[in-house]
Amino acid sequence: MSAHASSFSTREIVLGCIAACAIQVGFFALLVLAGATDTHIKPAEEKLPEARPIAVKPVIDDLPLLKLGSKQDKKPKLPDMWKKQAPTPVKRYEESSAPSPKAEDTPAAIPTSKLTEKDKEPPPPDAEVVKEIDQQLKDEPTTEEAPQMQQEGHADGSAEGTETDPLKARAVDLYRSKILSWFNARFRPPVDQIPCEELKELAASVNVQVGADRTVAGYTITRPSGNPIFDAKVRSTMDSLIGQELPPPPPLYPDILGTFVQPRLSGSGAKCDN
Amino acid sequence: MRQLKRIFLASLLASTSTLPALAQSKAPPADESVLGEFVVTGVVEEHVPKIAVLPSLSPALEDVIVRSVVRRDLELTGLFDVIDDRKAPPGMYGFNDPVDIKAWRALGAEAIVKVAARTHSPGKVEVLGLAYFLSVGQEPVYETKLVVSSKDVRVTSHRITDALLGALTGRPGGFASRFTFSGPWARNRRVFVVDSDGHGLMPQTDPQLTAIAPTWGPDQQLFYTVSTNYSPFRLNRLTPVAAPHEPAGTQPPLPVPTELKIPFRGSVYSVDFNADRTRMALAIAENGGSAIYVGNPDGTDLKKVSTTELATHPVFSPSGKLAWIGGSATNGSQRVYVDGKVVSPAGFTAAAPTFCDTEDGIRLVYAVAVGGNRQDLVMANERGQGTVRLTQNQGSNSYPACSPDGRMLAFFSKRGNEQGLYVMSLKRFRTQKVAGTWGESLRWAALPPEPSAVAGAPKKSPAAPAPSSEAPKADATKPADKAAP
């Protein structure tokens, strides 16, 4: 076997190794430098949409309200809880003494009060006992006066209410708020055409006719605001609603939507830029 | 080979999720602004009633199950601000203990819900549901009591929730319900049934078959299409079986399907029934494309209603309108048609339409391809107007299905490495995963009323309008009332 002559000299191999090491160290240094930088990208903040809730106060007369309980007769009376209560007199007992086998046999122990009558019941333990009473009160009659709410109804109801079923009354309340939201979502007061202070005072009452298929069949402005711009906005809003479908009533009470609703379109909730 | 190709094409048509992907590769990305704004409810304009679900101190398992299920259901609806248990005033919360109305009123509650359960007799459980309005007083405004088998406690809890929702809002809930869908199984697809809370997943078809496009038909039967050894898809029906109540329980045998004979030789891609199950719509392969036929549920008197070259995934609205996915094989773009009129925006490949009978009216929900091989859900009114977006930047969302009460929307979603069946409240747009399963052609229907339940008469029973048919929605309305002796 003969020895092969190397293609590279020892010096070239050493230089090559040094160069390779230098490159590795260089890369490592670059990595360290890159990691040490303070540069960072700031995320751009998204501009949030500005919420502009508008208040519309529809007055829906035909929906039944929870009925307030009342007496059968026509004479109006306040409920018991509001009735001015007469002062209740406190029954007092006159001090008296009765013979006792436990009494001390001393002159000082002789009671100063008069002797109690024979067979008289002792006063209750928490009774108020006085030396002398001016007026003897009679026992209160045991028969209690009947409460004012004899007719079916609820303390939280409305005087004009006709609905005695609390479940239905609640369903009506929820449905009314749904219709309110429906109108709220579709009416925008003309904030850029009327001075804000003036706009907040404006309101127009509308009678909206509802078709059998729950669509807005027509409308009449029963009480305009008097401001031509505001009334024109109300008119254009109502025009755009014709043919649109109102939310359906709850399935268990399909009859609570009548043939008309009466919203009141108001500028009171308008949020002006200034 | 030819048969294999036909099966492949059929699968493509039935699984409409693949169509958006095909179209996506051809068409440039369209302007997504036409899909409507993303619904943000940061500002709550509508009043959200504050209610309390009374806590329970009972260690009994049935009581814990009933209370936790009802509370979760009520929270899931998004209809109420349910008061935190930690704020509950101290007191007794037993089965017969009175409710401290004054203390709960101080917490701002408008209504109180009390649910409890206790052992009635061996194997039987008594479940109680009460609702109080604080404006009315100490007496409950609604009360229902059911005696059921102890294995049915969870489903009964959903029924109690549905009844309580009916009392609180006038619209009964839809939690006593179940899903059906077709999902992958090795090289095939099987039809599955699972409860609305993700429990009781149960395959219904033979693993050797390719079963797709299930839906609920008359008599609570499942209708679906099935292919055996690459033969054309035929319309079948079966009565689904329930999963065993215990995880280690014995699996019941698979139900025996029956083929429904129809006067067509081509594959049946999809099937649906109207609300009262008196009309049936079928998507049938013909002339190299497909068409929608509508007829009787027994397969007779079928008449063609679609006009597009391709028509698949028919679905009826509660009011009787018919929607489907239509298009042509040449231009690739599939759009939603309602009663023959195109309603989905141009340039977006649409899929899997469904209708929701919501509190705000009937809504059309469908999936659209939005780029990146993803789909998102959009909602419009019944005529397809006023489109709003329901999902965005939340993975890929497909196959929407609405709950029987129209308050919830279920769909399959792939979010990163996670996938499953999700449920969204259409009131608050909160989403919750209910099962880790994945599939397609999702349908949601109410459970049949519990025939064996013994119910106490409700204190106040909202008078539901008489059901016109055997529609599942009617089944869900008054479980307690229906079961009353």
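Look a little higher up for the structure.
Residues numbered from 1 in each chain as written. Chains lettered and ligands numbered in written order. Predicted model: local features only at pLDDT ≥ 70, side-chain atom pairs only at ≥ 80, totals over all residues. Heavy atoms only, no water.

Colleague: Could you give an account of the overall build of chain B, with specific residues and numbers?
Modeller: Within chain B, the secondary structure is distributed over 7 helices and 30 strands. For chain B, the residues scored as buried account for 57% of the 485 residues in total. Within chain B, counting contacts between residues at least 6 apart in sequence, those at least 24 apart form 49% of the total. Total accessible area on chain B stands at roughly 20200 Å², and carbon and sulfur atoms take up 53% of it. (Helix = DSSP H or I, 4+ residues; strand = E, 2+ residues; numbered from the N terminus. Buried < 20%, exposed > 50% of the residue type's maximum accessible area, 1.4 Å probe, protein only. Contact = heavy atoms within 4.5 Å. Areas by Shrake-Rupley, 256 points an atom, 1.4 Å probe, with all protein chains shown as cover.)

Colleague: Mind laying out the sheet that holds strand E15 (residues 289-295) of chain B, listing which residues take part and the relevant values?
Modeller: All names here are of chain B. Taking strand neighbours across the sheet as the criterion, the 4 strands line up as E13-E14-E15-E16 in an open arrangement whose pairing is antiparallel. Of all the strands in the sheet, the pair left with one neighbour each is strand E13 (268-273) and strand E16 (303-304). In terms of strand pairing, E13 meets strand E14 (residues 280-286) through 5 bridges, oriented antiparallel. Each residue of the ladder has a partner; that of Phe273, found in E14, is Met280. (Pairing = 2+ DSSP bridges.)

Colleague: Summarise helix H3 (residues 61-77) of chain B; cite the residues concerned and give the values.
Modeller: All names here are of chain B. For H3, with 17 residues, the first-to-last C-alpha span of 25 Å sits near the 24 Å given by 1.5 Å per residue. Along H3, the residues classified as buried are Glu62, Asp63, Val66, Arg67, Val69, Val70, Arg71, Asp73, Leu74, Leu76 and Thr77. A positive backbone phi angle near 75° is found at Gly78, which sits one or two residues after H3. (Expected span 1.5 Å × (residues − 1).)

Colleague: Please set out empty space enclosed by the protein residue by residue, giving values where relevant.
Modeller: The full count for this structure, using the stated rule, is 7 cavities of 30 Å³ or more. Here the largest cavity is characterised by a volume of approximately 270 Å³. Around the largest cavity sit 20 residues that line it, and Leu174 and Lys178 of chain A together with Thr169, Glu359 and Lys427 of chain B are the ones nearest its centre. Per-element accounting of the lining of the largest cavity gives the leading share, 5 residues, to helix H2 (residues 166-184) of chain A. The residue inventory of the lining of the largest cavity, partitioned by class, reads 11 nonpolar, 3 polar and 6 charged. (1 Å grid on protein atoms, 1.4 Å probe; cavity = no way out; pocket = protein on both sides within 12 Å on 5 of 7 lines; lining within 4 Å. Points joined across faces, edges and corners; volume = space filled by probe spheres on them. Nonpolar A, V, L, I, M, F, W, Y, C, P; charged D, E, K, R; others polar.)

Colleague: Any details on the state of the cysteines? Residues and values, ideally.
Modeller: Inspection of the entire model under this criterion finds 1 disulfide over all chains. Disulfide pairing is shown between Cys356 of chain B and Cys402 of chain B; the S-S distance is 1.9 Å. Negative torsions about the S-S bond denote left-handed disulfides, and the value of about 105° found for Cys356 of chain B with Cys402 of chain B makes this one right-handed. With Cys356 of chain B in strand E21 (residues 350-358) and Cys402 of chain B in strand E25 (residues 396-402), this pair connects stretches of sequence that are 46 residues apart. Note on Cys402 of chain B: relative accessible area 7%, which makes it buried. In this structure Cys17 of chain A is not part of a disulfide, and its nearest cysteine sulfur, from Cys21 of chain A, lies 6.6 Å away. (Disulfide = S-S within 2.5 Å.)

Colleague: Let's hear about the sheet that holds strand E18 (residues 322-327) of chain B: which residues, and what values?
Modeller: Residues and elements named next belong to chain B. Read from one edge to the other, the open sheet built from 4 strands follows the order E17-E18-E19-E20, with strand pairing classed as antiparallel. Edge positions in the sheet fall to strand E17 (310-316) and strand E20 (341-342), since each of these pairs with one other strand and no more. Pairing analysis gives 2 bridges linking strand E19 (residues 334-338) to E20, with the strands arranged antiparallel. Residue pairing across strands places Val338 opposite Lys341, the latter belonging to E20.

Colleague: Account for the pairing of E17 of chain B, naming residues and giving values.
Modeller: All names here are of chain B. With respect to burial, E17 is a largely interior element, 7 of its 7 residues being buried. Pairing of E17 with E18, which is carried by 5 bridges, proceeds in the antiparallel orientation. Bridge pairing links Thr312 to Ile325 in E18. Where E17 folds back on E18, the antiparallel hairpin that results is connected by 5 residues, among which Gly320 adopts a positive phi of roughly 105°.

Colleague: Summarise the layout of surface pockets; cite the residues concerned and give the values.
Modeller: All names here are of chain B. Space inside the second largest pocket adds up to approximately 1000 Å³. Forming the walls of the second largest pocket are 33 residues, and the residues nearest its centre are Lys151, Asp152, Arg154, Val155 and His245. Of all elements in the fold, only H3, helix H5 (153-169) and strand E7 (188-195) reach the threshold of two or more residues within the lining of the second largest pocket. Looking at the lining of the second largest pocket residue by residue, the class counts come to 17 nonpolar, 7 polar and 9 charged.

Colleague: Break down the packing of H3 of chain B against H5 of chain B for me, with residues and values.
Modeller: All names here are of chain B. Contact geometry of H3 with H5 gives a least axis separation of 9 Å together with a crossing angle of 45°. In terms of orientation, H3 and H5 fall into the oblique class. H5 is crossed by H3, and the crossing has right-handed handedness. Taking contact as the criterion, the partners of Glu62, Ile65, Val66, Val69, Val70, Asp73, Leu74 and Thr77 in H3 are, on H5, Val153, Arg154, Ser157, His158, Ile160, Thr161, Leu164 and Leu165. Partitioned by chemical class, the residues of the contact of H3 with H5 number 9 nonpolar, 4 polar and 3 charged. (Axes fitted to C-alpha atoms, helices over the stretch in contact; angles between N-to-C directions. Parallel < 35°, antiparallel > 145°, perpendicular 65-115°, else oblique. Left-handed = near helix turned anticlockwise from the far one by under 90°.)

Colleague: Outline the pattern of salt bridges, supporting the account with residue identities and numerical values.
Modeller: When charged atoms on two side chains of opposite charge get close, those side chains can pair. All names here are of chain B. Using the criterion set out here, one finds 26 salt bridges over all chains in the structure. Notably, a salt bridge pairs Glu259 with Arg234, separated by 3.8 Å at the nearest N-O pair. Of this pair, Glu259 sits in strand E12 (residues 258-259) while Arg234 sits in strand E11 (residues 234-238), and the two are 25 residues apart along the sequence. The partner of Arg374 in a salt bridge is Asp376, and the shortest N-O contact between them spans 3.9 Å. Note on Asp376: relative accessible area 0%, which makes it buried. (Salt bridge = Lys/Arg side-chain N within 4 Å of Asp/Glu carboxyl O.)

Colleague: I'd love a proper account of the packing of aromatic side chains, names of residues and values included.
Modeller: Taken as a whole and assessed by the stated rule, the structure comprises 11 aromatic pairs over all chains. Relative to Tyr422 of chain B, the ring of Phe411 of chain B lies with its centre 6.3 Å away and its plane at 15°, an arrangement referred to as stacked. With Phe411 of chain B in strand E26 (residues 408-415) and Tyr422 of chain B in strand E27 (residues 418-425), this residue pair connects regions lying 11 residues apart in the sequence. Between the NZ or CZ atom of Arg170 of chain A and the centre of the ring of Phe133 of chain B, over which it lies, the distance is 5.0 Å. (Phe/Tyr/Trp six-rings, centres within 6.5 Å; stacked < 30°, edge-to-face > 60°. Lys NZ or Arg CZ within 6 Å of the ring centre and 35° of its normal.)

Honestly, that's just the spatial picture; any functional story needs more than this.
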